[in-house]
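Tertiary structure, described
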Amino acid sequence: RAKDAGGNRYEVADPDSDARAIDRHSLTNHLPAALERDEFFLEYQPLIRMSDGKVDGAEALVRWKHPVHGRLGPDRFIPLAEHTGLIVPLGRWVLEQAVRQTCTWASGGPLRVNVNLSPRQLHHPDLVPDTIAVLEAVGVEPSSLCLEVTESALIGADEDELKPLWQLAELGVDIALDDFGTGYSNLANLRKLPATTLKLDRSFTQGLQRHPADPVDVTFVEGIVSLAHALGLAVTVEGVETEHQADQLRDLGCDTAQGWYYARPASAAEFARDWAPNG
Ligand code: C2E
Ligand code: MG
Ligand code: MG
Ligand code: MG
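Everything numeric in this text was worked out from a predicted model, so none of it was measured.

Remarks on the site of ligand 1
Looking at ligand 1, there are 25 residues lining it, with Arg63, Asn116, Asp178, Glu241 and Trp260 nearest. Between ligand 1 and glutamate 238, the relevant distance is 3.2 Å, taken from an oxygen atom to a side-chain nitrogen or oxygen of the residue. In this structure, an oxygen atom belonging to ligand 1 sits 2.8 Å away from a main-chain N or O atom of tryptophan 260. Considered on its own, ligand 1 offers 810 Å² of accessible surface; in the complex 84% of this is hidden by protein. Counting only elements with at least two residues in the shell around ligand 1, the list comes to strand 2 (55–66), helix 4 (74–84), helix 5 (87–103) and strand 6 (174–180). Take the shell around ligand 1: its biggest share by element is four residues, from strand 2. Looking at side-chain class alone, the shell around ligand 1 contains 10 nonpolar, six polar and nine charged residues.

See the structure below:
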């Protein structure tokens with residue numbers, strides 16, 4: 001229709017309104033075939049060490065190359081996969097793909113890779129054996145892997161439900177609390193979780209974009225960083241979009257940063273070209 005109407009008038013339409021029109025049921029129904037046909041792919045976004053600006057690892061982010069609708073972001077299909085349970089085989093694919101890929105990048109040992117886990121994966125009995133199997137098959141140390149879980153996925157989890165995460169942590173896998181600060185987190189709970197890293201949500205980073213920065217946001221970041229460090233946790237900040245934010249977050253003691261200021265998520269080939277140490 002855009003062509004019939006002449007010009008490119010309709011091509012700047014909000015991609016989200018397009019997206020909303022796609023039938024969730026049809027997307028859901030196509031998820032299993034999509035996995036079989038290899039329609040999912042990963043992009044990688046570098047994690048930057050703030051002390052020296054060097055790459056410290058990469059977060060793997062899944063996308064769907066849909067044969068009709070084109071490229072779909074994870075917010076469009078992860079909740080559907082979570083609902084049907086397809087997230088379990090999809091998540092296993094993501095984990096293996098990400099670990100294999102990052103392993104090919106660095107000559108001085110594999111690059112650290114962060115992989116997101118959804119609540120359903122977290123509570124699946126195969127999480128620990130599957131993860132061990134991938135690490136052994138690829139031949140990398142557990143410390144090369146960081147699993148990201150949201151604090152909301154852990155809210156209300158009892159000791160038994162946290163056991164798999166503790167087992168992985170004891171093997172040496174890093175555990176990051178993703179989107180930290182957005183849930184109704186009970187800070188006292190932090191001591192009961194096997195987390196090694198807090199990933200401070202983008203909403204905190206946003207308040208630092210202003211000149212001068214919102215003093216309340218500065219206070220929050222300062223407080224969370226000092227609490228995290230006192231508990232032996234590292235702090236990663238998400239959504240760093242400007243140099244101004246990066247400078248402040250470094251001064252506030254954040255250890256690692258991620259965001260468009262450094263790099264957008266990119267294909268494995270682009271990541272290797274721009275970020276992989278020693279090609
Ligand atoms: P997340 O784990 O919090 O990932 C960070 C999101 O922020 C990514 O969105 C990334 O592209 C985006 N981002 C990075 N830097 C910036 C920035 O500077 N500014 C802004 N505005 N955004 C930035 P993406 O790729 O759309 O992923 C959305 C969410 O989908 C992820 O949030 C994660 O929760 C979930 N997800 C992605 N891949 C997987 C996966 O393999 N498995 C599971 N279970 N969930 C996944
Ligand atoms: Mg994440
Ligand atoms: Mg996050
Ligand atoms: Mg987030």
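A look at the pairing of strand 4 (residues 113–116)
As judged from the three bridges shared by strand 2 and strand 4, these two strands associate in the parallel manner. Residue pairing for strand 4: glutamate 59 is matched across the bridge by asparagine 114. Looking at chain direction, strand 4 and strand 5 (residues 145–150) are connected through four bridges and run parallel. Paired with asparagine 116 across the two strands is glutamate 148, which belongs to strand 5.

A word on helix 4
Listing the buried residues of helix 4 in full gives Phe77, Leu80, Ala81 and Glu82. Glycine 85 occupies a position one or two residues after helix 4 and carries a positive phi of about 100°.

Some remarks on the coordination of the magnesium ion (ligand 3)
Any two of four tetrahedral donors ideally make an angle of 109.5 degrees at the metal, while pairs among six octahedral donors ideally make 90 or 180 degrees. Around the magnesium ion (ligand 3), the protein contributes the donor atoms Asp178 (OD), Asp179 (OD) and Glu238 (OE), which lie 1.5 to 2.6 Å from the metal centre. In this structure, the magnesium ion (ligand 3) is positioned 3.7 Å from the magnesium ion (ligand 2), and both are ligated by aspartate 178. A relative accessible area of 7% places aspartate 178 in the buried class. Looking at aspartate 179, the relative accessible area reads 25%, which means it is partly exposed.

Some details on the packing of aromatic side chains
One pass over the structure, following the stated rule, counts eight aromatic pairs. Ring centres of tryptophan 64 and phenylalanine 77 lie 5.7 Å apart, and the angle between their planes is 85°; this geometry places the pair in the edge-to-face category. With tryptophan 64 in strand 2 and phenylalanine 77 in helix 4, this pair connects stretches of sequence that are 13 residues apart. Residue classification places phenylalanine 77 among the buried residues on the basis of a relative accessible area of 0%. One aromatic cluster is present, formed by Phe40, Trp64 and Phe77 through successive ring pairs.

Criteria and thresholds
Residues numbered from 1 in each chain as written. Chains lettered and ligands numbered in written order. Predicted model: local features only at pLDDT ≥ 70, side-chain atom pairs only at ≥ 80, totals over all residues. Heavy atoms only, no water. Near = heavy atom within 4 Å. Polar contact = N/O pair within 3.5 Å; in protein donor to acceptor, adjacent residues only side chain to side chain. Areas by Shrake-Rupley, 256 points an atom, 1.4 Å probe, with all protein chains shown as cover. Helix = DSSP H or I, 4+ residues; strand = E, 2+ residues; numbered from the N terminus. Nonpolar A, V, L, I, M, F, W, Y, C, P; charged D, E, K, R; others polar. Pairing = 2+ DSSP bridges. Buried < 20%, exposed > 50% of the residue type's maximum accessible area, 1.4 Å probe, protein only. Donors = N, O, S within 2.8 Å, 3.2 Å for Na, K, Ca; no water. Phe/Tyr/Trp six-rings, centres within 6.5 Å; stacked < 30°, edge-to-face > 60°.

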